[in-house]
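Summary of the model geometry
One letter stands for each residue in the lines below.
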Amino acid sequence: MAGNRNFSYWAGRIGFSALIVLIFLYTAFPFYWALISALKPESELIQTPATFFPQTITLQNFEAVFRNDAFLRGLLNSTVVSIVVVIAALCIGSFAAYALGRLKFGGKRWILYVILSMTLFPQISILPGLFTLVNQLGMYGSITSLMTTYLIFTLPFTVWVLTSFFRALPAELEQAALVDGCTPFQTFYKILLPLTAPALVTTGLLAFIAAWNEYLFSLTFTLTQPAAQTVTVAITKFTGVIARNEPFGEIMAASVVVTVPLIVLVLVFQRRIVQGLTAGAVKG
Amino acid sequence: MPKMLKFLTILLIAAFVFSGVFNGAVSAQEKPTLRVFYGSVGDIAQDEAILKRWADENNVNVEIVYASQSATEYLAQLQQLLAARSTDIDLIQFDVIWPGILAPNMLDLGPALEASGMKDMFYPRILANNTVDGKVVGLPWFTDAGLLYYRTDLLEKYGFSAPPATWAELESMAKTIQDGERAAGNAEFWGFVWQGNAYEGLTCDALEWVFSNGGGSIVEVDKTISINNEAAIRAIERAAAWVGTISPEGVTTYQEEDARRVFQAGNAAFMRNWPYAYVLGQGGADGTQETAIKGLFGVTNLPAGDSGKAAAALGGWQLGVSAYSANPDLATQLALWLTAPEQQKERWLKLNNLPTMPAIYTDPDVLAATPWVADLVPVFENASPRPSTVTAALYNDVSVAFFTAVHDVLTKKKDAATAFEDLELELENLLGSEFSVGAPPPIE
Amino acid sequence: MAVATTSSNAAVRGGSTLTKRQARLAMIMLAPTFFVLILVAFYPLVRTFLSSFTNEPFANPTAEVANVGLENYQKLLGIQIAPFPEGASLRDTMITGYRRVNTFELFGERYLFAAGDPMWIQAIVNTILFTIISVALEFSIGLLVALVVNTRFRGRGIMRAVMLIPWAIPTAISTVLWRYMLNDNTTGAMNALLSAFGLIEPSASIAWRSQYPLLSVILVDVWKTVPFVALLLLAGLQTIPTDLYEAGAVDGATVPQRFFRITLPLLFPTVLIALVFRTLDALRVFDVFAILLPNTTRSMATHNYEMMVTSYQYGYASATGVLIFIIIFAFTILYMSLFRVEVD
């Protein structure tokens, strides 16, 4: 009996470890492939069969990427735009989410639907209208245009996710606060907002990545102003030394460089995401 | 938490202010500024150096705006800017198939070209292609034409003395070499690679097959929709039979770079591609990169079809001036300077952009540096334009309909006769009553 | 959203003044959201909607624009099935402007199947198949990943970061990477892996993108989006109090029982939000189709894009956009009613 349990215990352990390894390979292998593609010279990149470990390592792709001013400028622009968009979406969105999740008033369903419906159109079909709007607001060719328009897809998402988190919080806390004489607004920012911190971090992270990855708006609204372009646009403009040549190795080097800050970001916020455990425990 | 909120608000405001600083960094300058709208020109550093020379000589600021690498997006962006009458761009690089579409928004460079004395120096076909209703929309900057790449070492190994002169020869040579190389151990060797993805490149490839077999050029200059004919149908069916036999199954997703990578890795005997692949196959602009085929391949004109004539699709880029430019005269001067023989020669030697003037190909420096282009002069001279000038603004739709039909045949969704019957009807609806169905003109 | 607690209102039974105050506060707090959405979304959406009834061209403000009523929609939705005997003329049988989808035999008679825009019909089919399969896979794999990284083990922090890599690489770039990985010879990682494990001969390499176009995009999209689903589900898992599990364990519930009786019901609201947003995104899929597949395999959004930037038919493209909106909205309503979601 005991041996039996031992067996199943170890089988479970091994199975679980195998699962972790599998997930690790599944998510990380393509990134590894990008990395080694960036390190290979073109002759090795196109040979059959492909090598799983580069035989010749060259840094020329990375050098080319770091010599590219437009790319570096793009990194800076992307960072600024994404941070502003996330902060704006979280500030504005958490207000709305508190109202929708905690306060009592009519028509909530419709408000949520209206907010959601903003994201139902494909980006491309609202683009011409948005282009006109951006021009009229005098924002064409500036990163302000991106900070504003990116809210179209980050804000509704933020509102919806945060609303559900606000709803999930226990009512007792709020009651206690009200009994203590707090106004609803004070209850919001003194008690409920700190409790949703892990949700804010998670939502913020997802919004950040969505903004970081955006391509079509950035391409359209900053076309003639290379100084305002984001990194995704900068990468797609990589040209080889010969016209028509697609420098695959350089594009891969750039994609590695673009991804690393996000991985660092996730590692930094690791503890925050973990804090969700304690926040959940408060609920009881 | 309130503190945090305040902090965030301040951060937000600060970021907006900063962003203003970021974009608004236009300093007051005495010099006029010209902005050139470029696509893919090759080595950016070399290109900028050339522009800077002119800018310094003329005391002008020249800024380059690099457009998207995708031709479709490039044109859409350009159209959007021109529609907004943007003064942000002055000089525009554009594709050989766009003069018809861009004509209304471009300056007529005819008078300036006349005055410069360069008019008779260009290839007449390209200049004619750039002329819409008598208006010179752009100056030919560099050209392109479809070529056949072949492996000299393999031809010799299998006892062939010359590259194939006809498509039938190409088929049998490709088959022999492919079988031989596979038996010799290269399991992934193919006879012939080309561009079979459903995109503009397929329009070029398929036009070459159709035209060289006497099947016309889809829509003729006299507004005849000629595509639904026996010769064209046979030509496409022949190409469809290559897929999975002498060409890989995946060739129906190949673009230029996919084909080049297979050929350059030494995994194909023949390739249809543009001249750029030559330079890369020989080790890049400076010839220092290692490649599997360095010194082992040659280029020639594409094989002839039943008509007995070969065909090469005309590609290349032009320079035009936006009608909304604030400095049209300066921009025109720059266009003339960039397309002048000296600069074209320099671009060829440094950037591998093919000249648009026949005289440059016989220049001693050019012959010494790149002897292989000398034989190709007739190819560039006779390259067939796609039906873009006659269909003008509707060219995109015509091309999409054509390559979709061809792609359907290549992927065996339809037979060629059905595909072209459908295509003919679609083109009729698309182009309207000014166009009529007819037979392709005989090849002279 | 069906959330277990709807009790915030319990605290405010204090009277109507309090309720009014709450309603006023709610309006104030919602104001910024509405301000932003009206500023950036209202005009473009209305413009798209209105132009869908016209023949307005793209990027040509001087062109004359005529009102064409429902013509764009009629073309998008129109199909024709007509007897088409051997020898009949296609030109005379088919409605002008339509295109043949195919010709088929039924009870010994030949029929013509044509549509106003066959590519659009095909795009709808492609997109819905893509959505159903990829969202289902994303949820299965995403839930598994979330459960794994919610467990304590050494290296969990790194694992949570690694898990997010696919989502962190911009789609425009990761799809270029995958296009290379899906090459039709062993330069592509997929064929190289298969042949390294001896599953295929190198000469029989799979031409993924031409032989299995839909599978290729699903593969890439699932890889790309699992992190998003997993992260949302992980956040949901963490709001489930651990003592519930402890109580379950004390009651002698097995691991699967605990999963189905405690985890899944409590996770449901999060699952639903993730599901809604993933479905909406999948129905609007663009980048993966645009970069990975040739023109002939289109999604609804890439068709919309082609109509705008290749054919320059802004009015027609807008109508496509409106139809996509309607299709997506129908899906949303379907979800909401299927799962009896209570938003209020």
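Everything numeric in this text was worked out from a predicted model, so none of it was measured. (Residues numbered from 1 in each chain as written. Chains lettered and ligands numbered in written order. Predicted model: local features only at pLDDT ≥ 70, side-chain atom pairs only at ≥ 80, totals over all residues. Heavy atoms only, no water.)

Let us now look at the pairing of strand β6 (residues 139-145) of chain B. Residues and elements named next belong to chain B. Summarising burial for β6: seven of the seven residues are buried, a large majority. The pairing of β6 with strand β12 (residues 314-321) spans six bridges and is antiparallel. Across the sheet, the residue bridging to T143 is G316, located in β12. (Buried < 20%, exposed > 50% of the residue type's maximum accessible area, 1.4 Å probe, protein only. Helix = DSSP H or I, 4+ residues; strand = E, 2+ residues; numbered from the N terminus. Pairing = 2+ DSSP bridges.)

As a further point, take the sheet that holds strand β10 (residues 268-273) of chain B. Residue and element names in this part refer to chain B. Taken in spatial order, the four strands line up as β8-β10-β7-β11 in an open sheet, and their pairing is mixed. The open sheet has two edge strands with one neighbour each: β8 (190-193) and β11 (297-300). Across the sheet, the mean angle from the axis of one strand to that of its neighbour is 15°, orientation sign disregarded. In this structure, β8 lies alongside β10, joined through three bridges in parallel fashion. Counted as the bridge partner of V193 is M271 from β10. (Axes fitted to C-alpha atoms, helices over the stretch in contact; angles between N-to-C directions.)

Before going further, it helps to examine the packing of helix α4 (residues 69-102) of chain A against helix α11 (residues 197-213) of chain A. Residues and elements named next belong to chain A. Where α4 contacts α11, the axes come no closer than 9 Å and their chain directions differ by 140°. Between α4 and α11, the angle falls in the class oblique. The two elements α4 and α11 meet at a crossing, and its hand is right-handed. Residues L75, S78, T79, S82, I83, V85, V86, L90 and S94 of α4 form the contact with α11, whose own contacting residues are L200, T203, G204, A207, F208, A211 and W212. (Parallel < 35°, antiparallel > 145°, perpendicular 65-115°, else oblique. Left-handed = near helix turned anticlockwise from the far one by under 90°. Contact = heavy atoms within 4.5 Å.)

The next subject is the domain arrangement of chain B. Residues and elements named next belong to chain B. Taken as a whole, chain B is organised into domain 1 (31-137 + 315-382) and domain 2 (147-313 + 386-437). Between the C-alpha centres of domain 1 and domain 2 the distance comes to 27 Å. In this assembly, 16 residues from domain 1 lie in contact with 19 residues from domain 2. Both sides together, the interface formed by domain 1 and domain 2 hides about 1,400 Å², and carbon and sulfur atoms give 70% of it. Per-residue buried area on domain 1 facing domain 2 is highest for I97, W372 and V379; these three make up 40% of the total on that side. Summed over the shared surface of domain 1 and domain 2, the result is zero salt bridges. Secondary structure elements with two or more residues in the side of domain 1 that touches domain 2: α4 (99-102), β4 (131-132) and α17 (377-382). Within the side of domain 1 that touches domain 2, the residues separate by chemical class into ten nonpolar, five polar and one charged. (Domains from an automatic or database assignment. Buried area = accessible area lost by both parts, 1.4 Å probe. Salt bridge = Lys/Arg side-chain N within 4 Å of Asp/Glu carboxyl O. Nonpolar A, V, L, I, M, F, W, Y, C, P; charged D, E, K, R; others polar.)

Residues other than glycine predominantly adopt negative phi, and peptide bonds predominantly adopt the trans conformation. Residue A:P49 is bonded to the preceding A:T48 through a cis peptide linkage, with omega at -15°. With respect to the element layout, A:P49 can be found in the loop between α2 (42-45) and α3 (60-67). We note that B:D133 has phi near 50°; this positive angle belongs to a residue other than glycine. Within the secondary structure, B:D133 sits in the loop between β4 and β5 (135-136). In this structure B:D133 comes out as exposed when scored by relative accessible area, which is 79%. Residues other than glycine seldom take positive phi values, yet B:I218 does so here, at roughly 70°. Take B:I218: it is sitting in the loop between α9 (200-212) and β9 (224-225).

Here we take up the sheet that holds strand β2 (residues 61-66) of chain B. Residues and elements named next belong to chain B. If you walk across this open sheet you meet the five strands as β2-β1-β3-β12-β6, and the pairing is mixed. Unpaired on one side and paired on the other, β2 and β6 mark the two borders of the sheet. In this sheet, adjacent strand axes meet at a mean angle of 15° when their direction is disregarded. For strand β3 (residues 91-95) and β12, the ladder comprises five bridges, and the chain directions are antiparallel. Bridging from a neighbouring strand, Q93 pairs with L319 of β12. In this fold helix α2 (residues 44-58) packs onto β1 (33-38), β2 and β6, with an angle of close to 150° to the strand it touches most, β2.

The subject of this paragraph is the interface of chain B and chain C. Often, the extent of an interface is quoted as the loss of accessible area upon association of its parts. Across the boundary between the two partners, chain B contributes 41 residues, which contact 34 residues of chain C. Here chain B meets chain C over a buried area of about 2,900 Å², counting both sides, of which 52% is carbon and sulfur. Together, B:E188, B:T253 and B:L425 form the three largest contributors to the area buried by chain B at its contact with chain C, with a combined 19%. Joining chain B to chain C, the criterion identifies five salt bridges. The closest approach of N and O atoms between C:R91 and B:E424, which form a salt bridge, is 3.6 Å. Going through the elements one at a time, α3 (71-83), α11 (256-264), α19 (395-410) and α20 (416-431) of chain B are the ones with two or more residues in the side of chain B that touches chain C. The leading source of residues in the side of chain B that touches chain C is α20(B), at eight residues.

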